[in-house]
Amino acid sequence: MKSSNIKLRYGHGEIELTLRNVNVVAILKPLYKKPKYSVKELVHKALGNPIGVSIEDLVAKVKDVREARTVILSDDISRPTPSWAIIPPILNELNKLGVKDDQIEVIIALGTHRGMTREELRAKLGDEVLDRVSVVNHNAWDKENLVYVGKTGSGIPIWLNKAYHNADIKIGVGNIVPHPAAGWSGGSKIVMPGVCGVETIGMVHFHSALYPIEKVFGIRDNPIRREFDEIALKSGLGMIVNTIQNELKEVVDIVAGDVIEAHRHGVKIAEEIYRPKTPLADLAIVSAYPYDIDYWQASKGYLSAYLALRRGGAAVLIAKLPEGISPIPQHRDTLLSLSNLTPNEIRRSVQEGDVEDIVAASVAMTLARAREKIRMYIITDRLSDKECSKLGLVKVRDINEVVTDIRSKLGREPKTVIIKDSSIAPYPLS
């Protein structure tokens, strides 16, 4: 294919690109798997057939159900988990076992994301949840509402949300997709970074950034995942309820039960959807969708491209970024100050105590690792040329500027992959 028009998601709309002199070898996106059941049916099937641990098991461990405090963790508005459909059946199951709504709190497991507004909470959780139980945003920087519970085996201090830590019954709700820092989202990730303190979040992410991207991203059992799992288990997370979605973000399956085993089972299902095989390419054109709210999250698209590109290849990220680099000021400032450095320079700055925001330093270091293999371009209305330069990116307005440059270096049409959804972790064919 020498010339092609492609449409990619760009914010709530689309952007159309005309590609000239390219050889499109793959169009990558999550597999479309048709749902066989409604979300309501899937939730009831999962709760009725849990893997290893049930809600009844959690309640049975409590000395006095009438005094038991329950926390349900939910991911935030930047994730497509339909918490509005999942949490009410959990509440109903708890009610049947004697736990009343006024004993239950939902905590939005933000990690270091910004707090959700009331309107966003309503969209994420639905009126029923907001009307029935208390709902609060986690704050990773609020030391007064954190509690220290010890260290991981590798020495990382564990700071947890105090209300979560003090609960008797703890259930995590999330979604399973590839994740560059943990291998896969879902499972224990609802606790770390979800309801951990910023010190814990920073050190775990920094530890992750020390590993090659391809050894973590899309791999369920990796050294970093063991840190996530250890923290969740030490925190007392009793069980998880995780969705698996298709390319349209329709729920095709739900797993519930043991924090480790239910998640492993869910990842096996999700791998078919989110790890498409691809030949290695010279150029990847990537929509940041569905993580395109800010650059902090959209940069994951470069890591999806990283797996699909040969060394020396180029990735062009298409990203609307309505909230800019990040709505968290320290994340924004740290990315702007570190992103042009090498991985070793960033590591040295962190180890010498020159960086306060270790979480952002970890993101910068992972992207710096990617830049050692690939070149990074961006098409966006939101960021200035100067901001892009500080982030280690080249801002372009016409995709064919990049195509022409690559073609002149290769002496042929670049082999090109189109990544229509950056949820994926492509599986490269050698």
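Please refer to the structure higher up on the page.
What counts, and where the lines are drawn
Residues numbered from 1 in each chain as written. Predicted model: local features only at pLDDT ≥ 70, side-chain atom pairs only at ≥ 80, totals over all residues. Heavy atoms only, no water. Pairing = 2+ DSSP bridges. Helix = DSSP H or I, 4+ residues; strand = E, 2+ residues; numbered from the N terminus. Axes fitted to C-alpha atoms, helices over the stretch in contact; angles between N-to-C directions. Parallel < 35°, antiparallel > 145°, perpendicular 65-115°, else oblique. Left-handed = near helix turned anticlockwise from the far one by under 90°. Contact = heavy atoms within 4.5 Å. Nonpolar A, V, L, I, M, F, W, Y, C, P; charged D, E, K, R; others polar. Core = buried A, V, L, I, M, F, W, Y, C linked by side-chain atoms within 4.5 Å. Buried < 20%, exposed > 50% of the residue type's maximum accessible area, 1.4 Å probe, protein only. Arc of directions from axis to C-beta. Phe/Tyr/Trp six-rings, centres within 6.5 Å; stacked < 30°, edge-to-face > 60°. Lys NZ or Arg CZ within 6 Å of the ring centre and 35° of its normal. Salt bridge = Lys/Arg side-chain N within 4 Å of Asp/Glu carboxyl O.

**A few points about the sheet that holds strand S12 (residues 239-245)**
With respect to topology, six strands assemble into an open sheet ordered S6-S5-S4-S9-S12-S13, the strand pairing being mixed. Two strands in the sheet have a free side with no partner beyond their single neighbour: strand S6 (134-137) and strand S13 (251-257). With strand direction ignored, the average angle separating the axes of adjacent strands in the sheet is 20 degrees. Relative to strand S5 (residues 104-108), strand S4 (residues 70-74) is paired through five bridges, and the arrangement is parallel. Its bridge partner being in S5, Val-71 is matched across the sheet by Glu-105.

**As for the packing of helix H12 (residues 343-351) against helix H13 (residues 358-371)**
Running from N to C, H12 and H13 cross one another at 165 degrees; their axes reach a closest spacing of 9 Å. Between H12 and H13, the angle is such that the two are roughly antiparallel. For the crossing formed where H12 meets H13, the hand is left-handed. Where H12 approaches H13, its residues Pro-343, Ile-346, Arg-347 and Val-350 are matched on the opposing element by Ile-358, Ala-361, Ala-364, Met-365, Ala-368 and Arg-369. The residue inventory of the contact of H12 with H13, partitioned by class, reads eight nonpolar, no polar and two charged.

**Examining the packing of helix H6 (residues 198-209) against H13**
The interhelical angle for the contact between H6 and H13, taken along N-to-C directions, is 15 degrees, at an axis separation of 7 Å. By the angle between their directions, the pair H6 and H13 is classed as roughly parallel. Here H6 runs over H13; the crossing is left-handed. The segment H6 lies against H13, with Val-198, Ile-201, Gly-202, Met-203, His-205, Phe-206 and Ala-209 engaging Ile-358, Val-359, Ser-362, Met-365, Thr-366 and Arg-369. For the contact of H6 with H13, the class distribution of residues is eight nonpolar, four polar and one charged.

**Considerations on the nonpolar core**
Core analysis: the largest hydrophobic core is formed by 92 residues, its most contacted members being Val-191, Tyr-295 and Tyr-302. In terms of residue count, H13 provides more of this core than any other element does, 10 residues in total. If near-sequence neighbours (up to four positions away) are discounted, Val-191 is found in contact with Leu-73, Leu-160, Tyr-164, Cys-196, Ile-231, Ala-232, Ser-235 and Leu-237. If you look at the next biggest cluster of nonpolar residues, it comprises 36 residues, including Val-62, Ile-90, Leu-121 and Leu-130.

**Regarding the environment of Met-203**
Among the secondary structure elements, Met-203 is positioned in helix H6. With relative accessibility at 33%, the residue Met-203 sits in the partly exposed group. Residues Met-203 and Arg-122, spaced 81 residues apart in sequence, show a C-alpha to C-alpha distance of 33 Å. Met-203 has contacts with Ile-156, Pro-157 and Ile-358, leaving out every residue within four places of it along the chain.

**Concerning H12**
Those residues of H12 not exposed but buried are Pro-343, Ile-346, Ser-349 and Val-350. End-on, the buried residues of H12 take up no more than an arc of 130 degrees, which puts them together on one face. The outward face of H12, more than 90 degrees from its buried face, is lined by the exposed residues Asn-344 and Gln-351. As for H12, its buried residues are in contact with H6, helix H11 (329-338) and H13.

**Some remarks on the packing of aromatic side chains**
Summed over all chains, the structure comprises one aromatic pair. For the ring pair Tyr-148 and Trp-159, a centre distance of 5.4 Å and an interplane angle of 50 degrees mean the geometry is tilted. In this pair, Tyr-148 sits in strand S7 (residues 146-151) while Trp-159 sits in strand S8 (residues 157-161), placing the two residues 11 residues apart along the sequence. Residue Tyr-148 is classed as partly exposed on the basis of its relative accessible area of 40%. For Trp-159, a relative accessible area of 18% corresponds to the buried category. One Lys or Arg, Lys-143, reaches over the ring of Trp-159 and ends 4.4 Å from the middle of that ring. One residue, Lys-373, lies across the ring of Tyr-306, its end atom 4.3 Å from the ring centre.

**Topic: the pattern of salt bridges**
Overall, the coordinates contain 26 salt bridges when judged by the stated rule. Across the pair Glu-247 and Lys-29 runs a salt bridge whose closest N-O atoms are separated by 3.6 Å. Residue Glu-247 is found in the loop between S12 and S13, and its partner Lys-29 is found in the loop between strand S3 (23-28) and helix H1 (39-48); the two are separated by 218 residues along the sequence. Between Glu-413 and Arg-407 there is a salt bridge, with the nearest N and O atoms lying 3.5 Å from each other. Members of the salt-bridge network, linked through shared partners, are Arg-220, Asp-221, Arg-225, Asp-229, Glu-261 and Arg-264.

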